[in-house]
Amino acid sequence: MDSISLFSLRGKRALVTGSSRGIGYGIAEALAGAGAEIIINSRNPEALGAAAAQLAEGGARVKALAFDVASEESVEDAIAHAENEIGPVDILVNNAGMQHRQPLEEWTLDKFHQVMDTNVTSAFLVSRAVVRGMIARKSGKIINICSVLSNFARASVAPYSASKAAIANLTRGMAVDWARHGLNVNGIAPGYIATELNEALLQNQEFNAWVEKRTPMGRWGMPAELGGAAVFLASEASSFVNGHILYVDGAFTATV
Ligand code: NDP
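Analysis parameters
Residues numbered from 1 in each chain as written. Predicted model: local features only at pLDDT ≥ 70, side-chain atom pairs only at ≥ 80, totals over all residues. Heavy atoms only, no water. Salt bridge = Lys/Arg side-chain N within 4 Å of Asp/Glu carboxyl O. Helix = DSSP H or I, 4+ residues; strand = E, 2+ residues; numbered from the N terminus. Buried < 20%, exposed > 50% of the residue type's maximum accessible area, 1.4 Å probe, protein only. Near = heavy atom within 4 Å. Polar contact = N/O pair within 3.5 Å; in protein donor to acceptor, adjacent residues only side chain to side chain. Areas by Shrake-Rupley, 256 points an atom, 1.4 Å probe, with all protein chains shown as cover. Pairing = 2+ DSSP bridges. Contact = heavy atoms within 4.5 Å. Axes fitted to C-alpha atoms, helices over the stretch in contact; angles between N-to-C directions. Parallel < 35°, antiparallel > 145°, perpendicular 65-115°, else oblique. Left-handed = near helix turned anticlockwise from the far one by under 90°.

(A) Focus on the pattern of salt bridges. Summed over all chains, the structure comprises nine salt bridges. Its salt-bridge partner being Arg13, residue Glu37 comes within 3.4 Å of it at the nearest N-O pair. Of this pair, Glu37 sits in strand 2 (residues 37-40) while Arg13 sits in strand 1 (residues 13-16), placing them 24 residues apart in sequence. Both residues of the pair, Glu37 and Arg13, belong to the buried class. The partner of Arg132 in a salt bridge is Glu76, with the nearest N and O atoms 3.2 Å apart. On the criterion of sequence distance, the pair formed by Arg132 in helix 4 (residues 109-137) and Glu76 in helix 3 (residues 72-86) is long-range, its members being 56 residues apart. On the basis of relative accessibility, which here comes to 46%, the residue Arg132 falls in the partly exposed class. Assessed through its relative accessible area of 25%, Glu76 is described here as partly exposed. Three or more residues are tied together by salt bridges with common partners; here these are Arg13, Glu37, Arg61 and Lys63.

Here you go:
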């Protein structure tokens, strides 16, 4: 096998949650570019349809599957539909997530739960539904989107950083439980990436200056820059990489 074919995803099907925009869209596009059929997801069917049309225009083989990753019922129905009507899911990227910024003492319990449910419980629910087929087929790749805030805290986003620390260790736990079934479970921890989730920060000059100074590469990352790491972790090239968190952060976590 030549080394380039190690990265080929031809014949594979990938579900990327939260992929109507931002990092999920960038990852879905990269997986499609490596040969995978992609299933994109978000809660909003219109936005999802528009994203699917744009990806198809770029040559992707793409299906749209609208469901709420934080709802057990919605996840179970959607994955059963996907496996029966579209086909087996070989690659799952748990990317859907949300942010909320408020001084910690002002956070409501509802908002705390919403962040945890969207960022962590979702990965458990979607993985549990998809992994049944993967275990039966004795193969599968799961990639969980973590964060540099899996390791660090920042003012006003403590529940978010708690959720990202949790998904990093959930990733290790999934690898430990499922490696014996032939699965690889890894994480990608992005640094500061220019997406809608960070819209308020992107509009804030002071924050922009902080990101540029704090990140040794001196800039925000772009969603497409997560694509290479995702293709690697979804492909044969990473066959013995398991339970690992790959930082794609412009050296953010390499410096103080
Ligand atoms: P965006 O807000 O740009 O995109 C989030 C995506 O998730 C959208 O497609 C959104 O669609 C979808 N989504 C949100 N909630 C749900 C839900 N309950 N069910 C299904 N889909 C949902 O975010 P980013 O692209 O910036 O972030 C993607 C991931 O990367 C998140 O996990 C985030 O925490 C992580 N991350 C982001 C960083 C950054 O700097 N941007 C840095 C580190 C990690 P809709 O709302 O229509 O459902």
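Alright, that's what it looks like, and here's the rest.
(B) Looking closely at the site of the ligand. Taken together, 30 residues form the shell around the ligand, and within it Ser20, Arg43, Asn95, Tyr160 and Thr195 come nearest. A distance of 3.4 Å separates an oxygen atom of the ligand from a polar backbone atom of Gly18. Considered on its own, the ligand offers 890 Å² of accessible surface; in the complex 95% of this is hidden by protein. Of all the secondary structure elements, the ones that give two or more residues to the shell around the ligand are helix 1 (22-33) and helix 5 (158-178).

(C) How the structure looks around the pairing of strand 6 (residues 183-190). Among the eight residues in strand 6, eight count as buried, and that is most of the element. Along strand 6, one buried face is formed by Leu183, Val185, Gly187 and Ala189 and the opposite face, lined by Asn184, Asn186, Ile188 and Pro190, is buried too. Sheet topology places strand 5 (residues 140-145) next to strand 6; six bridges connect them, and they run parallel. The residue bridging Asn144 from the neighbouring strand is Gly187, located in strand 6.

(D) Spotlight on the environment of Lys12. Note on placement: Lys12 falls in the segment before strand 1. Spatially, the C-alpha atom of Lys12 lies 9.5 Å from that of Leu31, the residues being 19 residues apart in sequence. Non-local contacts of Lys12, meaning those with residues more than four positions away in its chain, are made with Ala36, Glu37, Asp90 and Ile91.

(E) Here's a closer look at the packing of helix 3 against helix 4. Packing of helix 3 against helix 4 leaves a shortest axis separation of 8 Å and a crossing angle of 30°. Between helix 3 and helix 4, the angle falls in the class roughly parallel. In this structure, the crossing between helix 3 and helix 4 has a hand that is right-handed. Packed against helix 3, whose contacting residues are Glu72, Val75, Glu76, Ile79 and Glu83, the element helix 4 presents Leu125, Val126, Arg128, Ala129, Val130, Arg132, Gly133 and Arg137 at the interface.

(F) Local environment of the sheet that holds strand 3 (residues 62-64). Across the sheet, seven strands lie side by side as 3-2-1-4-5-6-7; this open sheet has parallel pairing. Only two strands of the sheet have a single neighbouring strand rather than two, namely strand 3 and strand 7 (245-248). Neighbour-to-neighbour, the strand axes of this sheet turn through a mean angle of 20°, independent of strand direction. As paired strands, strand 4 (residues 91-94) and strand 5 are joined by four bridges and run parallel to one another. Bridging from a neighbouring strand, Leu92 pairs with Ile142 of strand 5. Packed onto the sheet, helix 1 meets strand 1, strand 2, strand 4, strand 5 and strand 6 and runs at close to 175° relative to strand 1. Strand contacts of helix 5: strand 5, strand 6 and strand 7, with the helix running at about 165° to strand 6, the strand carrying the most contacts.

Note that all results are geometric; they support no functional claim without further evidence.
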